[in-house]
Protein chains: 4
Amino acid sequence: MDNMHAAVLYGIDDLRYEEYSRPVPKDNEVLIRITSNGLCGSDIHFYKEGRLGPFIVNEPYIPGHEASGIVVEAGKSVRNGLKTGDRVVVEPGIPCRKCTYCKSGRYNLCKDVVFLSAPPINGTFSDYVAIPSDFAHSIPESVSNEMGAMVEPSSVAIQAFDRLNIQAGNSLTILGAGPIGLITLISAKAYGLSEIFVVDTVAGRLNAAKKLGAQFTVDNTEGNAVHEIGGLTKGSGTKYVIDTTGSSKACALAPIIAEVGGKIALVGWPELSDFNYPVEKIIEKELDIVGINRYANTFPKAISMLASGQLDLSPVISHRFSFNEVSKAFAYASNNKISTLKIMINHKE
Amino acid sequence: MDNMHAAVLYGIDDLRYEEYSRPVPKDNEVLIRITSNGLCGSDIHFYKEGRLGPFIVNEPYIPGHEASGIVVEAGKSVRNGLKTGDRVVVEPGIPCRKCTYCKSGRYNLCKDVVFLSAPPINGTFSDYVAIPSDFAHSIPESVSNEMGAMVEPSSVAIQAFDRLNIQAGNSLTILGAGPIGLITLISAKAYGLSEIFVVDTVAGRLNAAKKLGAQFTVDNTEGNAVHEIGGLTKGSGTKYVIDTTGSSKACALAPIIAEVGGKIALVGWPELSDFNYPVEKIIEKELDIVGINRYANTFPKAISMLASGQLDLSPVISHRFSFNEVSKAFAYASNNKISTLKIMINHKE
Amino acid sequence: MDNMHAAVLYGIDDLRYEEYSRPVPKDNEVLIRITSNGLCGSDIHFYKEGRLGPFIVNEPYIPGHEASGIVVEAGKSVRNGLKTGDRVVVEPGIPCRKCTYCKSGRYNLCKDVVFLSAPPINGTFSDYVAIPSDFAHSIPESVSNEMGAMVEPSSVAIQAFDRLNIQAGNSLTILGAGPIGLITLISAKAYGLSEIFVVDTVAGRLNAAKKLGAQFTVDNTEGNAVHEIGGLTKGSGTKYVIDTTGSSKACALAPIIAEVGGKIALVGWPELSDFNYPVEKIIEKELDIVGINRYANTFPKAISMLASGQLDLSPVISHRFSFNEVSKAFAYASNNKISTLKIMINHKE
Amino acid sequence: MDNMHAAVLYGIDDLRYEEYSRPVPKDNEVLIRITSNGLCGSDIHFYKEGRLGPFIVNEPYIPGHEASGIVVEAGKSVRNGLKTGDRVVVEPGIPCRKCTYCKSGRYNLCKDVVFLSAPPINGTFSDYVAIPSDFAHSIPESVSNEMGAMVEPSSVAIQAFDRLNIQAGNSLTILGAGPIGLITLISAKAYGLSEIFVVDTVAGRLNAAKKLGAQFTVDNTEGNAVHEIGGLTKGSGTKYVIDTTGSSKACALAPIIAEVGGKIALVGWPELSDFNYPVEKIIEKELDIVGINRYANTFPKAISMLASGQLDLSPVISHRFSFNEVSKAFAYASNNKISTLKIMINHKE
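Residues numbered from 1 in each chain as written. Chains lettered and ligands numbered in written order. Predicted model: local features only at pLDDT ≥ 70, side-chain atom pairs only at ≥ 80, totals over all residues. Heavy atoms only, no water.

**Details of the overall build of chain A**
From N to C terminus, chain A includes 12 helices and 20 strands. The C-alpha atoms of chain A give a radius of gyration of 20 Å, which matches the 20 Å a tight globule of 349 residues would have. For chain A, the residues scored as buried account for 61% of the 349 residues in total. Total accessible area on chain A stands at roughly 12,800 Å², and carbon and sulfur atoms take up 50% of it. (Helix = DSSP H or I, 4+ residues; strand = E, 2+ residues; numbered from the N terminus. Rg over C-alpha atoms; globule rule 2.2 N^0.38 Å. Buried < 20%, exposed > 50% of the residue type's maximum accessible area, 1.4 Å probe, protein only. Areas by Shrake-Rupley, 256 points an atom, 1.4 Å probe, with all protein chains shown as cover.)

Here's what the structure looks like:
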């Protein structure tokens, strides 16, 4: 069996770039040589805390799930046309294909989903990954390796837009201007949302949002986001609100900021499991609220919009590392949470 | 000007059946001789507390908004075919017809809506009412006066089903077995929902729900509704949950009872404006939540289902009074909140 | 290898009840002992013409795809809980599970679907059938073997209602009162459609529709369906129209019968591939038209409604045969097309 | 009473720029001084043929319905904030506000709609127009007079996208590259559609489409659009097809070009009321077809996207005339149908 390099997480603050046995693709799988990997906030959670939600790092494993690469081998029953040399994006959640969720188009809700990088399942921070061929999505020449690695995080924004049944020409507030918030902003503009407010408490992030085309940025350090957005919208609020913050306090602002008859998508996982929430506003304003838990059927759409140039996510990449510096990248990310946006880790060609 | 009798609320516990000037219909209005009036929980709120939400009884006014009657006069610009002798149901919320909500089919969200019985606007507890002709909905012979008066409360259930985009053949939990809960139950069966759970803490109400066809009734006095419904659904919960309770504690159960990918409608106004809510469940299960604030475009559907016999709401009527006993009816309702379902007040022919 | 009996179609008019090798379930399959089988119009097409659309009977094969039965063996990787003795319904179209249609909830559109009874794939007219366990849907005691066999044809109606996003309390015209038309009628009533018109040219079928609860039946022998429905609806037509006829002439009536803003579902395959169609009406009335090609995710809903008693399809069964008389049943059906509704073929216990 | 200039159509080829009495606004109306007017194909129909569909020019009247202007007077019951000096766009179809269509958000289907420029109702080719204030939509400084006049034709594209429930990142074929086809193309890109095919038979129009960002343009002069699009999409066709041609032959291509499970919008009125149509494809592919008849609730969205710069419709304007040359403009348009795109007629400031 051949070997490869991988980033193996042994425990808190202990990520090692080392030799690992190369995966062997099953009949329905393709083996992919990885070219680029984005570093996700959840990777950092496992790195700093050894756990996230129900998932615990009990044994060494490989993190990472935002990856692009090149097919180097196709199993003998692969029939979707993928072949050696094809450039692909990895969709990291492999569902059971048999339950009612899988059959009804919501395979992200499959309770038996196998998600690359959710311990103990190995992720994509390695030279090679093997996955079922239908979860390796072909990308054309016009989509770079790095943009391929951005398909996964942008999928969360697309899932929100899809579930909101979003209509262009309307207004949107994005709570949070971290990587997911900024990706949501760029995507929202490509979807035709025409008046976009971005709320955060970090000036640098708000500046980034402004540069990326937010019509209005609102600093909520003093807690006056509701007041300011009210003022800018003649008191009505915005049609859509998407919360990407991971803060229960910010999350609870959404029903107040949404206009009467508006719609809210909850993308970030608040730090608390339940908390004081203005439920009355949902009734009074006849709001719609949709939860977002990963994504389904979003990769082809993200790829198509990246290929056409309508979606350009490159401004979200703030730092780059080589794969052999992966430990350095994790350390950097965990020490500079606020000033970093997306960290991209590239393999040498 | 002719006179009539009306039930005039002068203040807390002070409802008087007395002479009142008969309304004169405007050109676009019909004058309706009222035949039946349902007593709504909100009427009792005004009667016992002098207020409800933002509405305050500052001067004597007429409550009531669940009414049927007979057209006795049509204004000269009435063009929808209504004429003297037509039996009709009163839709009590008259919107501005000009704002974006009115134009986009959500006229219940119009901020200038004039709602009969929201003080200081007079309601329907009188011999005659004048309303714009398009808010007087014709009923066929097969719909009785009392069933006509039930169209308004059943509209709330229909609004919930419409906004949930409900699909027959799925499961539903109804939180609360008061009048709205039971109307929701009966309507849900007519909509083809096939497995219905009803939760309450009052044995008599649960018995009523059982008689009306709930597959399962769950007594939540000990707080074990979640556990019981879990057991009855192999741990999955139900596809839909509709909260009709008006209790923040019950309302917060919905995201826990809903199955993964499920949908929740909030119909009852909890007694608190914000409270501890399991927001994480919305994200984890990718739930949809919709608020329900009155209704729009529901009256023709309710009437059609009553006319065809698919909807029989008569079991929800627990007590009947003559209109000249209206004060007695209010007193009875406020003293027997739990044992009364819908009280119907009929005018003499 | 064990044997069994099967109905093998050798060619036109040549169906033989004979010995056949019993299928052996794969690891993910269950082996089902068949109890009831409905006879479908498509079975008769193959029997009388040796072909249907692109499918040709080139070699002897087993027809049938409306079946219920009992699990007698479960493959070793079956994990959905099915076990020996469980009563089930066969969902006859097995998709690839990997293409964009399978992943997005429209697996009926999978181009690699394997459909039992589409030659050369064997169907269910045999003592035993082996299928993937997730396409064997468990039925409770309250659903009889025969009703189990009716789940497949009723799925077509449910697919139409789902794709129409049907709302209760509205009007519907059903074109055609054959088995699918009548099943659509019964189902429509269970879905809360409140004013149902049924159009056919055969008096006996219209009588059946009347007995099953159609508010209005219209004999179109003289071609005056449009005129009559217009008269009965004050000129507006009905909100929904579902064509089940298989006649291009009838199919072209739908846009004329539909009310302004109405919706049409095309269920029957007209005998012509293209024909004169009133396209202008689609634009003028802003109609929606949806095509229906089999079904996806409908079986659990049909079973749930049969189990609750909301759906009773037994009146559609007009004839019964024992399985060893299967050839006689096919002959009877092909000679008495108009007077037969659903023919049910039952296996001896 | 004050006078003004207007373009009055007396009969075929007889349009006169002449004095006309200035309209006086009713209480709920605003009086608008017109600044720009687009020339619509329907105006030319009336000019060349004296009729269009059910509408006939029986007496002199004023055409035009794509207009922007400035409020010069507001009736005394105007309450939406419009005041003298506000720049506005005219929405030309005023509905009854009382029928089920008006109340359910589809006011374009109101049978009593009063449509400016549908004879005998006067249109906007005049110095002043009076309309209900809620059909005068405010535009910000960033939207020019000409772009304001483009809101009406772009509304048709938005209506199509709304009714298709369009999702970004998918493919679209636009049949026809005339003004509506090109406006649809520009709008589709703003809505995030990522792979757009445009079909026409005129080289100049296809070149315009190419310049405006169509990924692929297809010359259907030889009738090989289906074949070419098939080749470019690996045989699948496109997710969406919008027909803007007004040709029954082109219209009938849509179900063939659409991919399995695709959706079609019919925008152009074919020259025939019924014609040979591939209905079987609708069933086989489970297509959705939606008719488009004008628009409802689209103006605010179009304005918002023009204001943000996401929609730039200026490339569609091919010619400009002064209002006093309006007769010349009509003559030019009717003699140069193929080489002209949108003709804009501007009033002097």
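**Thoughts on the relation of the copies chain D and chain B**
When chain D is brought onto chain B, the operation consists of a screw motion whose angular component is 180° and whose axial shift is 0.0 Å, with 0.0 Å RMSD remaining. Taken together, these values place the two copies in the relation of a two-fold axis. No C-alpha of chain D lies nearer the rotation axis than that of Gly-105 of chain D, which sits 1.9 Å from it. When the interface residues of chain D are mapped onto chain B, 100% of them again lie at the interface, so the same face is used by both copies. (Least-squares fit on C-alpha atoms with pLDDT ≥ 70 in both. Contact = heavy atoms within 4.5 Å.)

**Let's talk about the pairing of strand β7 (residues 87–90) of chain D**
Residues and elements named next belong to chain D. Summarising the sheet, strand β6 (residues 66–74) and β7 pair through three bridges and their orientation is antiparallel. Pairing of Ser-68 across the sheet is with Val-89, part of β7. Bridging between β7 and strand β11 (residues 136–138) involves three bridges; their strand directions are antiparallel. Within β11, the residue paired with Val-89 across the bridge is His-137. (Pairing = 2+ DSSP bridges.)

**What about the interface of chain D and chain B?**
Residue-level contacts link 11 residues of chain D with 11 residues of chain B. Carbon and sulfur atoms supply 49% of the area that chain D and chain B bury against each other, a total of about 1,100 Å² over both sides. Of all residues in chain D, the largest losses of buried area upon contact with chain B belong to Arg-97, Lys-98 and Lys-103 of chain D, amounting jointly to 53% of the total for that side. Linking chain D to chain B there are two salt bridges. Between Asp-134 of chain D and Lys-103 of chain B there is a salt bridge; the shortest N-O distance is 3.3 Å. Along the lines of polarity and charge, the residues of the side of chain D that touches chain B split into three nonpolar, four polar and four charged. (Buried area = accessible area lost by both parts, 1.4 Å probe. Salt bridge = Lys/Arg side-chain N within 4 Å of Asp/Glu carboxyl O. Nonpolar A, V, L, I, M, F, W, Y, C, P; charged D, E, K, R; others polar.)

**Brief notes about the sheet that holds strand β13 (residues 195–200) of chain B**
In spatial order, the strands read β14(A)-β13(A)-β12(A)-β15(A)-β16(A)-β18(A)-β18(B)-β16(B)-β15(B)-β12(B)-β13(B)-β14(B); together these 12 strands make up an open sheet with mixed pairing. Strands with a single pairing partner mark the edges of an open sheet, and in this sheet they are β14 (216–219) of chain A together with β14 (216–219) of chain B. Taken over all neighbouring pairs, the strand axes of this sheet differ in orientation by 15° on average, direction set aside. Where strand β12 (residues 171–175) of chain B meets β13 of chain B, five bridges bridge the pair, whose relative direction is parallel. The residue bridging Ser-171 of chain B from the neighbouring strand is Glu-195 of chain B, located in β13 of chain B. (Axes fitted to C-alpha atoms, helices over the stretch in contact; angles between N-to-C directions.)

**Overview of the packing of helix α1 (residues 41–49) of chain C against helix α12 (residues 326–335) of chain C**
Residues and elements named next belong to chain C. The geometry of α1 relative to α12 is characterised by a closest axis approach of 10 Å and an angle of 90° between their N-to-C directions. In terms of orientation, α1 lies roughly perpendicular with respect to α12. Contacts between α1 and α12 involve Asp-43, Ile-44, Tyr-47 and Lys-48 from the first element and Ser-327, Phe-330, Ala-331, Ala-333 and Ser-334 from the second. (Parallel < 35°, antiparallel > 145°, perpendicular 65-115°, else oblique.)

**A look at the sheet that holds strand β16 (residues 258–266) of chain C**
In spatial order, the strands read β14(C)-β13(C)-β12(C)-β15(C)-β16(C)-β18(C)-β18(D)-β16(D)-β15(D)-β12(D)-β13(D)-β14(D); together these 12 strands make up an open sheet with mixed pairing. Of all strands in the sheet, those bounded by a partner on one side alone are β14 (216–219) of chain C together with β14 (216–219) of chain D. Strand-to-strand twist across the sheet, computed as the mean angle between neighbouring axes with direction ignored, equals 15°. Across four bridges, the pairing between strand β13 (residues 195–200) of chain D and β14 of chain D is parallel.

**Describing helix α5 (residues 179–190) of chain B**
Residue and element names in this part refer to chain B. Between its first and last C-alpha atoms α5 spans 17 Å; for 12 residues at 1.5 Å apiece the expected length is 16 Å, and the two agree. When you tally the buried positions in α5, you get nine out of 12 residues, the bulk of the element. The set of residues buried in α5 consists of Gly-181, Leu-182, Ile-183, Thr-184, Leu-185, Ile-186, Ser-187, Ala-188 and Ala-190. (Expected span 1.5 Å × (residues − 1).)

**Brief notes about the interface of chain A and chain B**
With 35 residues of chain A in contact, the opposing surface of chain B contributes 35 residues. Approximately 3,000 Å² of surface area, both sides summed, lies buried where chain A meets chain B, with 55% of it carried by carbon and sulfur atoms. Our count for the chain A to chain B interface comes out at six salt bridges. The closest approach of N and O atoms between Glu-286 of chain A and Arg-106 of chain B, which form a salt bridge, is 3.1 Å. Counting across the chain A and chain B interface gives 28 residue pairs in polar contact (both at pLDDT 80 or more). (Polar contact = N/O pair within 3.5 Å; in protein donor to acceptor, adjacent residues only side chain to side chain.)

**Let's talk about the pairing of strand β19 (residues 317–322) of chain A**
All names here are of chain A. Pairing between β19 and strand β20 (residues 342–346): five bridges, direction parallel. Residue pairing for β20: His-319 is matched across the bridge by Ile-343. A crossover connection joins β19 to the parallel β20 through helix α12 (residues 326–335); in handedness this β-α-β unit is right-handed. (Right-handed = clockwise from strand over helix to strand, strands pointing away.)

**Let's talk about the pattern of salt bridges**
All names here are of chain D. Inspection of every chain in the model, using the stated rule, returns 60 salt bridges over all chains. In this structure, Lys-301 and Asp-162 form a salt bridge, with 2.6 Å as the shortest nitrogen-oxygen distance. Taken together, the residues Lys-301 in helix α11 (residues 299–307) and Asp-162 in helix α4 (residues 151–164) connect sequence positions 139 residues apart. Each member of the pair, Lys-301 together with Asp-162, is buried.

**Considering the relation of the copies chain A and chain B**
When chain A is fitted to chain B, the best match, at an RMSD of 0.0 Å, comes from turning it 180° and sliding it 0.0 Å along the axis. Take the interface residues of chain A: 100% of them recur as interface residues in chain B, which is what a same-surface contact looks like.

**Some details on unusual backbone geometry**
A cis geometry characterises the amide bond from Pro-119 of chain A onward to Pro-120 of chain A, with omega recorded as 10°. Note on placement: Pro-120 of chain A falls in the loop between β9 (114–115) and β10 (128–132). Phi at Glu-286 of chain B takes a positive value of approximately 50°, unusual for a residue other than glycine. In this structure, Glu-286 of chain B sits in the loop between α10 (279–284) and β18 (288–291).

**As for the domain arrangement of chain A**
All names here are of chain A. Considered domain by domain, chain A is made up of domain 1 (3–150 + 313–346) and domain 2 (155–291). Tallying the contact residues gives 11 residues for domain 1 and 11 residues for domain 2. In this assembly, domain 1 packs against domain 2 so that about 850 Å² is buried in total across both faces, 72% of it on carbon and sulfur atoms. Counting across the domain 1 and domain 2 interface gives zero salt bridges. Viewed at the interface, domain 2 and domain 1 are joined by two residue pairs in polar contact (both at pLDDT 80 or more). Taken together, the residues that form the side of domain 1 that touches domain 2 break down as six nonpolar, two polar and three charged. (Domains from an automatic or database assignment.)

**Quick word on the environment of Asp-288 of chain D**
Along the chain, Asp-288 of chain D turns up in strand β18 (residues 288–291). Taking the C-alpha atoms as reference points, Asp-288 of chain D and Ile-264 of chain D, separated by 24 residues in sequence, lie 6.1 Å from one another. When near neighbours in sequence (up to four residues on either side) are disregarded, Asp-288 of chain D contacts Arg-163, Ile-289 and Val-290 of chain C together with Gly-262, Lys-263 and Ile-264 of chain D. Polar contacts involving the side chain of Asp-288 of chain D include one to the side chain of Arg-163 of chain C, which spans 2.7 Å.

**A word on the confidence of the model for chain A**
If pLDDT is low for a region, its predicted coordinates should not be looked at in detail. For chain A, mean pLDDT is 96; residues scoring 70 or higher make up 100% of the total. Note on the complex model: pTM 0.97, ipTM 0.97. (pLDDT = per-residue confidence, 0-100.)

**What about the side chain of Asn-220 of chain D?**
For Asn-220 of chain D, the location among the structural elements is in the loop between β14 and α7 (225–232). In contact with Asn-220 of chain D, other than residues within four places in its own chain, are Val-199, Asp-200, Thr-201, Ala-225 and Leu-253 of chain D.

**Here's the deal with the state of the cysteines**
Two cysteines whose sulfur atoms are joined by a covalent bond form what is called a disulfide. Counted according to the given criterion, the structure contains zero disulfides over all chains. Residue Cys-96 of chain A stays outside any disulfide, its sulfur separated by 3.8 Å from that of Cys-110 of chain A, the closest cysteine. Unpaired in terms of disulfides, Cys-99 of chain C finds its nearest cysteine sulfur in Cys-102 of chain C, a separation of 3.8 Å. (Disulfide = S-S within 2.5 Å.)

**So, the environment of Gly-223 of chain A**
Note that Gly-223 of chain A resides in the loop between β14 and α7 (225–232). In this structure, the C-alpha to C-alpha distance between Gly-223 of chain A and Leu-253 of chain A, residues 30 residues apart in sequence, is 10.0 Å.

**Details of the packing of helix α4 (residues 151–164) of chain C against helix α5 (residues 179–190) of chain C**
All names here are of chain C. Close contact between α4 and α5 brings their axes to 9 Å; oriented N to C, the two are set at 60°. One finds that α4 runs oblique with respect to α5. Where α4 crosses over α5, the handedness of that crossing is right-handed. Across the interface between the two elements, Pro-153, Ser-154, Ala-157 and Phe-161 from α4 touch Ile-180, Ile-183, Thr-184, Ser-187 and Ala-188 from α5. Each residue belonging to the contact of α4 with α5 can be placed in one class, and the counts come to six nonpolar, three polar and no charged. (Left-handed = near helix turned anticlockwise from the far one by under 90°.)

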